[in-house]
Amino acid sequence: MLFQFPLKNTMMAILVFLCLLANFVIVTATANSTTVYLKQSDFDEGSYVISESGHYMLSEDISFKPLYAKEALESDQPEFALFPVEQQRIAGGKYSSRGFALGFFAAIVIQADNVVLDLNQHTLSQSAIHAGTQRFFSLVELSSSPFPPREGPANFSAESQFIPSNNVTIRNGRLDGSSHHGIHGNNNDLVILENLEISNFEVVGISLNQVTNLRIDSVDIKDSKRNVPVSGRLSQAIFALQALSVHLELDSSLGESQQLLSAQAALRNSVSAVLKEIDNGKLVSNQLFASLTSGLPDGSFAGGILINPKVFVGDMLQIDTYNSSSIYIKDVNIERISIAPIEQSTMMLVSSDNGDSNGYGGGHIQDNVGAVFDLDSCYSMETGEYVPNELADFQVAMAAYGHSCLSGIESNKKCLAKEGSEQLLMRNKITSKIIDWTRGKISGEELIELYSFQANRDYMFHTVKGAIGLKIAGTSDLTIENLKVDTLENHATKENRGKFVRNDPEYSGFQVKGISVSSSVKVVGNLKVDRLFANAYTDIACIDYMNNVKVSSVYIDEVNLPASEGSLFGELPEVEPLLPFQMIDSCEEADNDSKIWIIILVVCLVLILSQAIICMACWRQQQKFDKLRKKPSVNRQCSRMDSREGLGQEGTDEPKPGADSTRMSSIGSRPFMMFSSGGIPAEQRDTEDEITGGKAQAVNLA
């Protein structure tokens, strides 16, 4: 035999062949399956919901903006602009599930397994007007709801109704423009994101909570939004108005009802005017809702990729629970991410308020939908008096109405007639003391003395975290190969801080981190971090490690450190902190067993193919020889396959005098001959004699 394989190698070669065959069958089946082509008209009514396995492909660029947008903007309920209409929300309607409680949370909702979404080199985007009305949004959502059960600011789903998607591939195109995420998911398994460009988002390009078997390959995440027209207060206003319209039937017999109606009308007028200005491409003129950061996102966090064990609204996670695993990131660029977080002075409940820490938002002063009561916007630092504005007036009126409704003892109240009304009213934490202050019954100084303040929170009580290129926590088996983070900017200044917590040192809103990895293991591969910028008072960390992390091949480029508190590294394991433009070489390599087995399998496959090619060549040569035997006379120069005149000394082409150059070889058990003339004239020899009675002898080379 030409090659003899050990049994182990043969089995691996067979395994490789079967894998290739299976892959061919799968690819062929996918290619031949029915492809669903998505066009702009498929989004006229709202989100496109994928509830069946299959291959889906964009046939054109798509901008998400339901058709009835103009009509909704002109209605007397602007909070429902680009919101599922009533017939869609009722039982059996297209968007009747709890996932749509706060509107169209995604352009494409994937709630089925085994789905391929091919953007087909097209662009999927969120329109400017929808971005203004829907402040929590993802271009692609990998589950039936934006939050898993018992998470988020609303009751989005029961356990049985939450449908995460598994074995999903998204590829080949651009996701451009989102008020929150490009791709978002919860509790997913087997996710491939490849050949994508994600841009023009406000929060993060890819955000996945509790994900396993994730591959992100050849993805560019870049250019976060820099033209956001509004502040976070607009979403507070829209959510509050929606809650009142959906869950409350006002009882005119209650003394607070008229004040609430007046506040509702005033807030609706302001929201309507803002949305019309956005739709017409104009600057927002109402300073209560206009951007306070020159168009930069003002939320708690901006980044490229976020992978967490749970919803990421609290502090930076430093835990040992690995809810995410088997993450592979390859050839990913994260660049030009900007933010300017705004901090809220958050009032905390005291024991006399009968507050508790249960539910979304905990023990802070919040309105009925979980938004922080914005004391900074309505407290005069000169006089301590209440400075009215449409949003604060509405929040206070809702609180006063709720106190009035819940304080009576009579049953079957009209104010609690609608489903969810009692739950909504009880979520309010704006106290009677705050209401008294807004009505001039107590002074500002008296109010401030009653409460403590918590720093480091945004409009929705999320912990402010600044800018982070790659943030991964609660993850095991993480491999990174060729990741570049370039140009992260945090433009927050001291003026962005809350009035009552401005000097609190425990503030993370100024920080910039290229890569932050906590509670993760096996980080391997080429990482490059360039150009981190912060305006002031910042903690800059190119690579911030926590807990058990291994790393190799890290390159740090330009870092802008305007503040004395900046530092190049957080807790970097097993290596000394280095200056910019230096390399950390292979601290500790991860386990390479899997790579070795792959190499062995590939080599075995190559050997098999090589043997097949050689056998084919030998068979063809034997066929030629058989033809020669059937002829009465042939050219005596039936030489070696290279047609040379003779077989010379090793390394030469000169014939070896007197040598018998007749050679015979065999492949398997079937011999074939290779002849050389040895310098004897062809006319002096008889072909048949040489074959049957000459000097040729069979030599078994096996």
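Residues numbered from 1 in each chain as written. Predicted model: local features only at pLDDT ≥ 70, side-chain atom pairs only at ≥ 80, totals over all residues. Heavy atoms only, no water.

Considerations on the pattern of salt bridges
Here the structure, examined in full by the defined rule, presents 22 salt bridges. With its nearest N and O atoms 3.1 Å apart, the salt bridge here joins arginine 174 to glutamate 197. Highlighted residues: arginine 174 in strand 9 (residues 166–178) and glutamate 197 in strand 10 (residues 181–201), separated in sequence by 23 residues. We classify arginine 174 as partly exposed; its relative accessible area is 32%. (Salt bridge = Lys/Arg side-chain N within 4 Å of Asp/Glu carboxyl O. Helix = DSSP H or I, 4+ residues; strand = E, 2+ residues; numbered from the N terminus. Buried < 20%, exposed > 50% of the residue type's maximum accessible area, 1.4 Å probe, protein only.)

Let's talk about the side chain of threonine 123
Residue placement: threonine 123 occurs in strand 7 (residues 123–126). Other than its neighbours up to four places away in sequence, threonine 123 contacts Leu58, Asp61, Ile62, Arg174 and Asp176. (Contact = heavy atoms within 4.5 Å.)

Looking at a nonpolar patch on the surface
Where nonpolar side chains cluster on the molecular surface, the patch consists of Ile599, Val603 and Leu607 and spans about 240 Å² of accessible area. Tracing the backbone shows leucine 607 in helix 12 (residues 593–630). (Patch = residues over 30% accessible without salt bridge, like charges linked within 9 Å, V, L, I, M, F, W, Y side chains within 5 Å. Areas by Shrake-Rupley, 256 points an atom, 1.4 Å probe, with all protein chains shown as cover.)

What about helix 8 (residues 390–407)?
Here helix 8 is 18 residues long and its end C-alpha atoms lie 26 Å apart, about the 26 Å a rise of 1.5 Å per residue gives. Considered for burial, the residues of helix 8 that qualify are Leu391, Ala392, Phe394, Gln395, Val396, Ala397, Met398, Ala399, Ala400, Tyr401, Gly402 and Cys405. Of the surrounding elements, those touching the buried residues of helix 8 are helix 5 (233–247), helix 6 (257–279), helix 7 (375–378), helix 9 (421–427) and helix 10 (432–438). The N-cap of helix 8, judged by a side-chain oxygen 3.1 Å from the amide nitrogen of leucine 391 a few residues on, is asparagine 389. (Expected span 1.5 Å × (residues − 1). Polar contact = N/O pair within 3.5 Å; in protein donor to acceptor, adjacent residues only side chain to side chain.)

Thoughts on the state of the cysteines
Counted under the stated rule, the structure contains one disulfide. Sulfur-sulfur distance for the disulfide between cysteine 405 and cysteine 415 comes to 1.9 Å. Across the disulfide from cysteine 405 to cysteine 415, rotation about the S-S bond amounts to roughly 80°, and the bridge is consequently right-handed. Remark: cysteine 415 occurs in the loop between helix 8 and helix 9 and cysteine 405 occurs in helix 8; sequence separation between them is ten residues. Judged on exposure class, the residue cysteine 405 and its partner cysteine 415 are both buried. (Disulfide = S-S within 2.5 Å.)

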